[in-house]
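So you can see what is in the structure, the chains are spelled out below.
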Amino acid sequence: MLTDAKEMAPYLSDWRGRYHGAACAVVRPGTTQEVAAVVRLCAAAGVPMVPQGGNTGLCGGATPDGGGRAVVLSLGRLDRVRAVDADNNTIMIEAGCTLAGLQQAAIAADRFFPLSLASEGSCTVGGNLSTNAGGVQVLRYGNMRELTLGLEAVLPDGRIWNGLRGLRKDNTGYDLKQLFIGAEGTLGFITAAVLKLFPAIRQRATAWVAVPDPGAAVRLLGMMRAVCSDRVTAFELIGGTALGLVLQHIPGARPPLQAGGEWSVLVELSDSACNAELDTELERALTLASEQGLVGDAVVAGNLAQAEALWALRENISEAQRIEGISIKHDIAIPVSRIPAFLERARAALQHAWPDVRIVAFGHIGDGNLHYNLSKPAAADNRKFISRTPEVNRIVHDLVAGFDGSISAEHGLGQLKRDELLRYKSVVEMDMMRAVKQALDPHGLMNPGKVLAPVRPESRGD
Ligand code: FAD
């Protein structure tokens, strides 16, 4: 248990340095039983609890409020692999294990765990489950929800629920694990999970491709999937401003193409078969796409190092943006078919409202998920820039709603989008969410102030 202010400090602010909170203690339990014991004590004393994993979340979900009454439970010491069942293609793993550690455990069993994020060295299984994390291979394998078969959780009253089943079929009533996935620690502590494994990947082929516009990117995706089937594992859209920031700020980053344009796609094929000739297949598909005018210049990585260099350009966008300075982020989802129209409409609306703002758009276009971020105009003052957040959120999120999209695709709500939710969810949906919260956490001690805002009837719209 940490109570010294200096020792607690890293647990009291978020990765972006945007949220700062206070706590009476940071507790680092090492087993599920220890988590349960701490929760029972907090519940008896009416003390709020904030679960924390790797603290890489981008919505302030793991940061306590400023009141100083809460206890932060950091689960990093729950980091054991409990069992690997290679024949069942499952792994039972504790919540504090890092995502990179989970991937390594799968490799050691000659299997593959597909979730992959730029933060994988620090983020944890518990955080991935609680945010229903996505990343770059959702297109083929789904997000964390689709990768989960069973869970163990400590309820807000300190009871332990053992739902660690490794079953792909189990229709025995409500699927309770789904409540905890994506709940951002508001319903209880996830302490362990049974996750799906897949055959080890033996071959990959990666290409960086210039596309004339986002519409061509969507058509290229359709064509690639028709030609290469589900070997298309990743399909990322990268805007010119995003790539420019990486080239400017990340040491060693080089332009991938001689004749790039405003939009690029990073595409990857992968296969568990050794004899698949993926490079040839990718080149053939890109030639076909080029004949149809969907592709300009393109490069297929010739070896692993080249593939990693291409991926580094994509994965360093968030870091480059952080170095560049303050930004307003939108993590949104739109039906894939409507992304080009959304990008066009959003650009026009923003340019009208704020001509010199820089649009940093990129994301998992194969999943319909865009990171639609705005970087500060070079001369603008930080505080003035950030003060326009509500105005641009309204422009972007109202457009997203108009396109039947979501204002949080993969990062969650945390504190950042908690109040936005009231505008975009119906009264019925908010009532169902509150009923679930009330049933599991009647005293409101689990991660208060995240996901659900206190009821304010006047702000509710349908
Ligand atoms: P934390 O930040 O510690 O917590 C996140 C939320 O989960 C909080 O609400 C917390 O209270 C809750 N929580 C944590 N552990 C538990 C637990 N055991 N039980 C109950 N609740 C818990 N996300 C994506 O989805 N896709 C991306 O591509 C992606 N890229 C990123 C790139 C960078 C550079 C960074 C910094 C972040 C990125 N993220 C991405 C966001 C982040 O890494 C994920 O949301 C990740 O899943 C958070 O894991 P964590 O362990 O750090 O959780």
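Because the structure is a prediction, the values reported are computed rather than measured.

**Things to note about the site of the ligand**
Near the ligand, the surroundings consist of 37 residues, among which Gly53, Gly57, Gly61, Gly126 and Gly127 are the closest. Looking at the shell around the ligand, the elements with two or more residues in it are strand S2 (49–52), helix H4 (125–130) and strand S9 (189–196). At four residues, H4 tops the list of elements feeding residues into the shell around the ligand. Grouping the amino acids of the shell around the ligand by side-chain chemistry returns 13 nonpolar, 21 polar and three charged. Residues lining the shell around the ligand come from more than one domain, with at least three contributed by each of domain 1 (5–74) and domain 2 (81–199).

**Observations concerning the pairing of strand S3 (residues 71–74)**
Of the two faces of S3, both are covered, the one formed by Val71 and Leu73 as well as the one formed by Val72 and Ser74. Of the strand pairs in this sheet, strand S1 (residues 25–27) and S3 are connected by three bridges, and their pairing is parallel. Bridge pairing links Val27 to Leu73 in S3. Here S2 runs beside S3; their pairing, made up of four bridges, is parallel.

**Concerning the nonpolar core**
Judged by nonpolar contacts, the single largest core of 64 residues is most densely connected at Val209, Val211, Ala217, Leu220, Ala242, Val265 and Val267. Membership of the second largest hydrophobic core comes to 51 residues, among which are Tyr11, Val27, Leu147 and Ala192.

**Some thoughts on the sheet that holds S1**
Strand order in the open sheet formed by three strands is S1-S3-S2, with parallel pairing between adjacent strands. The sheet terminates laterally at S1 and S2, the two strands that pair on one side only. Adjacent strand axes in the sheet meet at a mean angle of 25 degrees, parallel and antiparallel pairs treated alike.

**Some words on the domain arrangement of the protein**
Partitioning the protein into structural domains gives domain 1 (5–74), domain 2 (81–199), domain 3 (203–318), domain 4 (325–402) and domain 5 (418–445 + 455–459). Distance from the C-alpha centre of domain 2 to the C-alpha centre of domain 5: 26 Å. At the junction of the two partners, domain 2 supplies six residues and domain 5 supplies five residues. Class assignment of the residues belonging to the side of domain 2 that touches domain 5 gives a composition of four nonpolar, two polar and no charged.

**Description of the sheet that holds strand S7 (residues 148–154)**
The five strands are arranged S4-S5-S9-S7-S8 in an open sheet whose pairing can be described as antiparallel. Of all strands in the sheet, those bounded by a partner on one side alone are strand S4 (81–85) and strand S8 (160–163). Adjacent strand axes in the sheet meet at a mean angle of 10 degrees when their direction is disregarded. As paired strands, S7 and S8 are joined by four bridges and run antiparallel to one another. Paired with Ala153 across the bridge in S8 is Trp161.

**Some remarks on the pairing of S7**
Most of S7 sits inside the fold, with six of its seven residues counted as buried. Sheet analysis places S7 next to S9, joined by six bridges and oriented antiparallel. By the bridge assignment, Glu152 is partnered in S9 with Ala192. Joining the antiparallel neighbours S7 and S8 is a turn of five residues, in which Gly158 adopts a positive phi near 95 degrees.

**Description of the UniProt feature "domain: FAD-binding PCMH-type" (unreviewed entry) in the protein**
As recorded in UniProt, the feature "domain: FAD-binding PCMH-type" (unreviewed entry) lies at residues 19–200. Secondary structure over residues 19–200 splits into 21% helix and 24% strand, and the C-alpha atoms at its two ends are 39 Å apart.

**Points about the packing of helix H7 (residues 214–228) against helix H9 (residues 278–291)**
Geometry of a packed helix pair, given as the angle between the helix axes and the separation of the axes. Direction vectors running N to C along H7 and H9 enclose 135 degrees, while the axes themselves pass 10 Å from each other. In terms of orientation, H7 lies oblique with respect to H9. The two elements H7 and H9 cross, and the hand of that crossing is right-handed. Listed contacts from H9 to Leu220, Met223, Met224, Val227 and Cys228 of H7 are Glu281, Ala285, Leu288 and Ala289.

**Thoughts on helix H16 (residues 427–440)**
Helical geometry: 3.6 residues make up each α-helical turn, so side chains three or four residues apart lie on a common side. Here H16 spans 20 Å end to end across 14 residues, near enough to the 20 Å set by a 1.5 Å rise per residue. Of all 14 residues in H16, zero are buried, a share of ten percent or less.

**Notes on unusual backbone geometry**
Peptide bonds are trans in most cases, and residues, glycine excluded, mostly fall at negative phi. Notably, Glu184 is not glycine yet its phi reads approximately 50 degrees, a positive angle. Here Glu184 lies in the loop between helix H6 (177–180) and S9. In this structure Glu184 comes out as buried when scored by C-beta crowding, with 26 C-beta atoms within 10 Å. If you check the backbone angles, Asn447 has positive phi at about 45 degrees while not being a glycine. Within the secondary structure layout, Asn447 lies in the segment after H16. What makes Asn447 buried here is the crowd of 30 C-beta atoms within 10 Å.

Conventions used here
Residues numbered from 1 in each chain as written. Predicted model: local features only at pLDDT ≥ 70, side-chain atom pairs only at ≥ 80, totals over all residues. Near = placed C-beta within 6 Å. Helix = DSSP H or I, 4+ residues; strand = E, 2+ residues; numbered from the N terminus. Nonpolar A, V, L, I, M, F, W, Y, C, P; charged D, E, K, R; others polar. Domains from an automatic or database assignment. Buried ≥ 20, exposed ≤ 12 C-beta atoms within 10 Å, placed from the backbone. Pairing = 2+ DSSP bridges. Core = buried A, V, L, I, M, F, W, Y, C linked by C-beta atoms within 7 Å. Axes fitted to C-alpha atoms, helices over the stretch in contact; angles between N-to-C directions. Contact = placed C-beta atoms within 7 Å. UniProt positions renumbered as here; feature names shortened; annotations may be inferred. Parallel < 35°, antiparallel > 145°, perpendicular 65-115°, else oblique. Left-handed = near helix turned anticlockwise from the far one by under 90°. Expected span 1.5 Å × (residues − 1).

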